[in-house]
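# Overview (structure and organization)
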Amino acid sequence: MEESITLIVSDLETHFLNFPNSQTPISQSTLLALQKLLDYTLNNNNDPIHVDSLYDELSSKNLSPSSFLCPITSTMDSGPTHHSLLASKVYLSLLLSPNAPVFTLFTPMAFLSLLRSIRRCFKNSKSSALHPPSAPRKKRGGARGGRVGQTRNGPRNVEEDDDDCGSEERELDVRVLFCVFERLELVLGLIHLDRFPDSLKSLVQTIAEVPVMASELSGNSSSYAKLSDLCSRILGEVLKAEHGDLSITAAEVLKSLSPLILMPKSQARVFALGFVVNRMMEMAKISEEIKKAIVNFPRYLVHKAPERSEPRACAVESIMEIVRVMEYEDQVGFADYVVKMSQGKSHLRLLAVDLLQMLMMSLKDPLGMYSESRVENYWGLRCLEALILRCSDAIAGIRARALTNLAQLVGVLSVDDRSRALLKEIVGFGNADPNRPVGGMHDLLRKRCVDEKAAVRKAALLLISKLTALLGGAVDGAVLKTMGIACSDPLVSIRKAAVSALSEVFRTFWDDNVTKEWLHSVPRLIIDNESSMQEECENLFLELVLDRVSRAGSTSSPHNQSGFHNSNRKSKSVEMEIKMAFPEGVLGLLREICNGEVTPWVKKICTNLGKKKRLKPKIAIALQNIIKTSESLWLSHSMPIEKWTAPQGSWLLLSEVSAYLSKAVDWEFLHHHWQLLDKNGQGNEPKCPIEQGYLNKELMDTESNSVAWAGDRVFLLQTISNVSVELPPEPAADLAHNLLKRIEEFNMHPTEVNAHVKALRTLCKRKALNSEEANSLVIKWVHQLLSKASQILETYMSKDPELKKDSGFFTPPSGSRKGKKSSATISRLLAEAIAAVYTIGSLVIICPSADLKGIIPVLHNIITSGNSDPKFKKLPVPTVSVKQTAPSLYVQAWLTMGKICLADGKLAKRYIPLFVQELEKSDSAALRNNIVVMMADFCVRYTALVDCYISKIAKCLRDPCELVRRQTFVLLSRLLQRDYVKWRGVLFLRFLLSLVDESEKIRQLADFLFGNILKAKAPLLAYNSFVEAIFVLNDCNTHSGHNNSQNTRAESRLFSIRGNDEKSRSERMHIYVSLLKQMAPEHLLATFAKVCAEILAAASDGMLNIVDATSQSVIQDAFQILSCKEIRIPTNRGSSSDSPEMDDEGGDSGGASAAAARGRVITQAVKKGLIQNTIPIFIELKRLLESKNSPLTGSLMECLRIILKDYKNEIDDILVADKQLQKELIYDIQKYESMKAKATVETMPKSDMFRSPGVCKSVSKLQANSRVASAMADKVAEATARSVLREVNRNERTPPLSAMGLPKVKSNMGGVVSGGDRPAAVLESLRRRQSFDSDEEN
């Protein structure tokens, strides 16, 4: 050690002799010698002998121990990394050495150099710094023996060291680093930092950053764990009373650890959380100061939490880890803080929504069910109330997040019956009572399901699913309706969520309203464009309909009901017993399947399931059991079988599934019911229209029952056709003979004719030996039936004029046998003729090649009878119009002629103009509906022939009959989707009025067409036709581009919404908004420019007459369009905290930056358009309107105010060309706003103006507007002045001055005037006040 001491003293002496005031680092040899000496001393029980020798040697050279500070500090500050770390170790060793002058060696500057050295060792190290050090490598040029750099030239030594360090990277020796941290901990126990607050703060910040810097280096886990433990021990050492006020120190430690805690998941975050949760919480048990700091720490983290989705989630998780280890009272306090925070700024509300959910999910007994002390307003209830309140937040992202979190919370809290009951009472879900208070959960869900943001709608539907599945209870009808509408949402995700929610309700409740809504909303998605939606629709129908019916049929076998039939329940009606024989809701389900709007989708679903072989035989067996059970129950009460009908929908469903389950249907069952239905069906045919007016109630009931039997026969025949392959030969032949015989009688209901014809054809084809034999059989009986039908028609047409001549022009005497016989003959012939005409059409469909030469002239005579058209005068047509005498025959004749034209192209070419003519002039809604259907079929078969008549077909979109309008809309939409019809001409504009149709169903179809189908198929259509739509809807033809219209004035009036009343304006605006929603951002910009250029610029140039009423409506609409929010593009002008719209959906930072860049580009484009195009047009138009004293000036100023509202700071740039005009425009806008604010105040009750904002929320919202607040202040001041003037006019004397507590004032003479020596002249002047006239009434 003597050599080391000598070397140290010699080098130190040389250093101070040559460089007494320099900041030259100490040489490496001296550092190594000092390290050797100090390590030996510290490792040998602090033996002071060698250290004392060093100090004695220094004293002999007139050097003090403080002479070490300057060179060691310089080495820690500027030396190479490994030298700096070595100097740090030496410095700490000096402080710990025995008999060391601690207060001499420890200085704040040296301590800060030590901390900088620790930071540098992480920043300048290699990535493998935390690996254990490897064997030393030889440097280039050979090893250097002896003392390193033993020259007396200090600066040269430093350069050599720097060159040596710079020649290659030096690995960080973790052993030295660990030693530095260990000795730093020991030093903290020796030196109290209460006198050095800056050093303490720097120490805390440095140690808090070490885990972060170390985690960035690829060290092994053991080294990082040891380093983290050392940092924890050092921070724990700092948190002692001897280092200062614990509250300040703890706050500083927590503040330094907060960035680590808010980091995404990493080792540093684990370290920080572990230190706070474990170490500091242990200290908090014995220190109130530390406990108080930890209690406030989550509140601090709340304000430091990031706004992006993933970092925010990590922050919430970290906050909750700290809150979980806090005491119960502190947890409740933090929960109340979060509740208050949920009413703060937007980013705090968004964070509060997540925290409220986590608090209630993480802490025990949030609803206070197991609490001994019953508290009405428990903390969990306050949190739940705040979360529900956020579901109606002004920002969509918060609303969506609150709804999603509430749904998750419901799932977690509904663990048992008790909690479910309490939660159901709190939330208020399941109360479908129409008298319930407004503003409950049902009203909230109804509003959120139709929210303008997709994420909110999706979250609301998810919440409905959770509430229904877990809490139960009836669902409000309005909410059901809203979910049904959401099933047709343009977004696939919303449709899926709506289907899931509605299906969950249907799975839980078998209510008739739920069944109806589900069947009208979900099965129609079988034709959805998204294949996954089709599959989901099939799965749900299989589960919720077919499986449910299967279970009902398996438990309702007629053999199992014998005991039930003999029970003493004679008092109940048979229908009630039949209903009770099956599970609740099954019969209602089957009945609703027969609805005309549901049946097509049910058939499509059954077909898809059958093709995929997913239909099970049990469904067919169950349906047979249901029919058998119903019949058995009916007969058990000795009721007449002719009045029995099978449960409605059972035969329909059986006819669909039997096509794929033919072996599961029993022939004996079919044969029995065919005999039953056929036998009782004969003689109960519906009477012809002439006789229907004379039916009494009993006959009408019989007719209704016979119609039901006819429908059942139709489905039974379809079932027989489906299973005809399985029929025995003899029964099949007998059945075919019976079917042909029934058809030849021509007395069936039209709905039965098709079923009989198709069943007969199926039997012939399936039982024939080959296809040729089958075709010959079909042709044979088709010609036989056509011949008989032709004879019936000829008989009717030949005898009808004679009968009319005898009995049509006078009233027969009462009881006249001749009159009754004539009437009966007419009825019989007419009924046969109608059945014959319909049968001809059915035969043409199954056999297009049939010979119709003798039938077509007869049908022509029927459809042209009584026609006054001159071109028909040459043809032999009846003089009596069949349209008047037999309207049903007339309608059926047109229908049959349409079927014949579908089979004969040459005939279609001749008759299509007749169909169009009849469509335009017919007053029968049924005939117009049939012709629209036929024209749609013609368009598919003969596209070129019908294309020129599309505009005439489209006129039916404004038909008086809702059914015709809806049928036209659906058929034209399908043709447009399949490209048989193109979106050209006026067709698109005529479709627009369906968006505001009187019928809600048509409006829903139109919304789906424009929002879903059209947006994908023709995305530019709305943009290209937008301006033209404005003129057409207003019926304005004064614009030069819209004068040459081919439509007549009547047609233009028919497809316009003229008028400036509120209803017309709102309907037009609804259409405009629907079109704007389909446009991309770039098209919105272009539309904005087109409206300005083609409407406003045209008005300012005189091309649009601003005096004309329709032109004024066009300009008014243009102002409203430019002012609406749908045409404005979100440019992200505010901070991200103000608009966290879809933040909960996630997204990386790259996407966010791209969106921000896109927003800046859009902002610049909008500003450029305003400067170059929009503002000059508005200026010219404003001058023109003011010169004409037009009432549109107010609309222009309102529009301009809204446009420039987002650019208040850029108005100088937008109007840079004309400063005077800029001032005038700003003045006009401010004046208009002031006038509007004054008008708002005028309409307010006087009592509200004098209330404080805290008392009246509406007043506080108004006062938030500075102009409204100023107007209110003026109004209050005016009222006060009038009150004073009113008192003045009453000549009331002023109270004596002696009664007033006024301060003494100096008189004009310089003296002090007291209350008792006032001059008389002054008092007299005050009494003789001038009387002012007030303009206030009374």
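Residues numbered from 1 in each chain as written. Predicted model: local features only at pLDDT ≥ 70, side-chain atom pairs only at ≥ 80, totals over all residues. Heavy atoms only, no water.

So, about the overall build of the protein chain. Along the protein chain, the regular secondary structure elements total 63 helices and 2 strands. A sequence separation of at least 24 residues applies to 73% of the contacts in the protein chain between residues at least 6 apart. Accessible surface, the protein chain: about 65,000 Å² in total, of which carbon and sulfur atoms supply 52%. (Helix = DSSP H or I, 4+ residues; strand = E, 2+ residues; numbered from the N terminus. Contact = heavy atoms within 4.5 Å. Areas by Shrake-Rupley, 256 points an atom, 1.4 Å probe, with all protein chains shown as cover.)

Take helix H31 (residues 617-636) next. Residues lying three or four places apart along an α-helix face the same way, a consequence of the helix completing one turn every 3.6 residues. Look at H31: 28 Å from first C-alpha to last across 20 residues, which is about the 28 Å you get at 1.5 Å a residue. Just beyond H31, the residue with positive phi is Ser638, at close to 60°. (Expected span 1.5 Å × (residues − 1).)

Moving on, we come to the packing of aromatic side chains. As enumerated under the stated definition, the model contains 15 aromatic pairs in all. With a centroid separation of 6.5 Å and 15° between ring planes, the pair formed by Phe297 and Tyr300 is classed as stacked. With Phe297 and Tyr300 both in helix H14 (residues 288-304) and 3 residues apart, this pair spans about one turn of that helix. In this structure Phe297 comes out as buried when scored by relative accessible area, which is 2%. (Phe/Tyr/Trp six-rings, centres within 6.5 Å; stacked < 30°, edge-to-face > 60°. Buried < 20%, exposed > 50% of the residue type's maximum accessible area, 1.4 Å probe, protein only.)

Once that is clear, we can look at the pattern of salt bridges. Per the stated rule, a full pass over the model turns up 38 salt bridges. Linking Glu744 and Lys788 is a salt bridge whose minimum nitrogen-to-oxygen distance equals 3.4 Å. Of this pair, Glu744 sits in helix H36 (residues 729-744) while Lys788 sits in helix H38 (residues 771-807); the two residues are 44 residues apart in sequence, bridging distant segments of the chain. A residue is classified by how much of its surface remains accessible, and Glu744, at 21% relative accessible area, is partly exposed. Under the relative-accessibility criterion, Lys788 is labelled partly exposed at 33%. One continuous salt-bridge network, built from bridges that share partners, spans Glu185, Asp229 and Arg233. (Salt bridge = Lys/Arg side-chain N within 4 Å of Asp/Glu carboxyl O.)

Right, let's talk about helix H10 (residues 197-215) for a bit. The end-to-end C-alpha distance of H10 is 28 Å, a good match for the 27 Å that 19 residues give at a rise of 1.5 Å each. Along its length, H10 reaches its greatest deviation from straightness, about 30°, at Glu209, and the proline Pro211 lies no more than four positions downstream. Taken as a whole, H10 has its buried residues at Ser199, Leu200, Leu203, Val204, Thr206, Ile207, Ala208, Val210, Pro211, Val212, Met213 and Ala214. The inward-facing, buried residues of H10 abut helix H7 (108-123), helix H9 (174-190), helix H11 (221-238), helix H12 (246-261) and helix H13 (267-284). (Bend = angle between axes of the 7 residues up to and from the residue.)

Here Asp979, not a glycine, exhibits a phi torsion of approximately 65°, which is positive. Take Asp979: it is sitting in the loop between helix H47 (962-977) and helix H48 (987-992). Judged by relative accessible area, Asp979 falls into the partly exposed class, the value being 41%. Residue Asn1189 is not a glycine yet carries a positive backbone phi of 50°. Tracing the backbone through its elements, the reader meets Asn1189 in the loop between helix H56 (1149-1187) and helix H57 (1192-1205). Note on Asn1189: relative accessible area 69%, which makes it exposed.

With 388 residues, the main nonpolar core has Leu257, Trp781 and Leu1096 as its most contacted residues. It is helix H39 (residues 817-846) that contributes the most residues to this core, 12 residues altogether. Every residue in contact with Trp781, bar those within four places of it in the chain, is listed here: Leu740, Val757, Leu760, Arg761, Cys764, Leu843 and Ile846. (Core = buried A, V, L, I, M, F, W, Y, C linked by side-chain atoms within 4.5 Å.)

The subject of this paragraph is the packing of H9 against H11. The interhelical angle for the contact between H9 and H11, taken along N-to-C directions, is 15°, at an axis separation of 9 Å. One element, H9, and the other, H11, form an angle in the roughly parallel class. Where H9 crosses over H11, the two elements pack in a sense that is left-handed. For the pair H9 and H11, contact is made by Leu177, Phe178, Phe181, Glu182, Leu184, Glu185, Leu188 and Gly189 and by Ser223, Lys226, Leu227, Leu230, Cys231, Arg233, Ile234, Glu237 and Val238, respectively. (Axes fitted to C-alpha atoms, helices over the stretch in contact; angles between N-to-C directions. Parallel < 35°, antiparallel > 145°, perpendicular 65-115°, else oblique. Left-handed = near helix turned anticlockwise from the far one by under 90°.)

With respect to the helices, strands and loops of the structure, Asp451 is situated in the loop between helix H21 (441-449) and helix H22 (454-471). Among the polar contacts listed, one links the side chain of Asp451 to the side chain of Arg399, at a separation of 2.9 Å. Each residue touching Asp451, except ones within four places of it in the same chain, is listed here: Arg399, Val456 and Arg457. (Polar contact = N/O pair within 3.5 Å; in protein donor to acceptor, adjacent residues only side chain to side chain.)

When pLDDT is averaged across the protein chain, the result is 77; 76% of the residues are at 70 or more. The model gives residues 432-438 a pLDDT under 50, and that stretch makes 10 contacts with residues more than four places away or in other chains. Contacts of residues 1040-1045 to residues separated by more than four positions or lying in other chains number 7 contacts, the stretch itself having pLDDT below 50. (pLDDT = per-residue confidence, 0-100.)

Turning our attention to the environment of Phe111. Assignment of secondary structure puts Phe111 in helix H7. By relative accessible area, which is 1% here, Phe111 ends up buried. Distance in space between the C-alpha atoms of Phe111 and Ser88 is 9.3 Å, their sequence separation being 23 residues. Setting aside residues no more than four positions away along its own chain, Phe111 makes contact with Tyr91, Phe106, Leu184, Ser199 and Leu203.

Between H13 and helix H15 (residues 309-324), the shortest axis-to-axis distance is 10 Å and the interhelical angle comes to 25°. As summarised for this structure, H13 and H15 are arranged roughly parallel, according to the angle between their axes. For H13 against H15, the interelement crossing comes out right-handed. For the pair H13 and H15, the contacting residues are Arg269, Leu273, Val276 and Val277 in the first and Cys314, Glu317, Ser318, Glu321 and Ile322 in the second. When its residues are assigned to classes, the contact of H13 with H15 shows 5 nonpolar, 1 polar and 3 charged. (Nonpolar A, V, L, I, M, F, W, Y, C, P; charged D, E, K, R; others polar.)

All right, on to the side chain of Arg349 then. Mapped onto the elements, Arg349 comes out in helix H17 (residues 346-362). Dropping the residues within four chain positions of it, Arg349 is found in contact with Met341, Ser342, Gln343, Gly344, Arg390, Asp393, Ile395 and Ile398.

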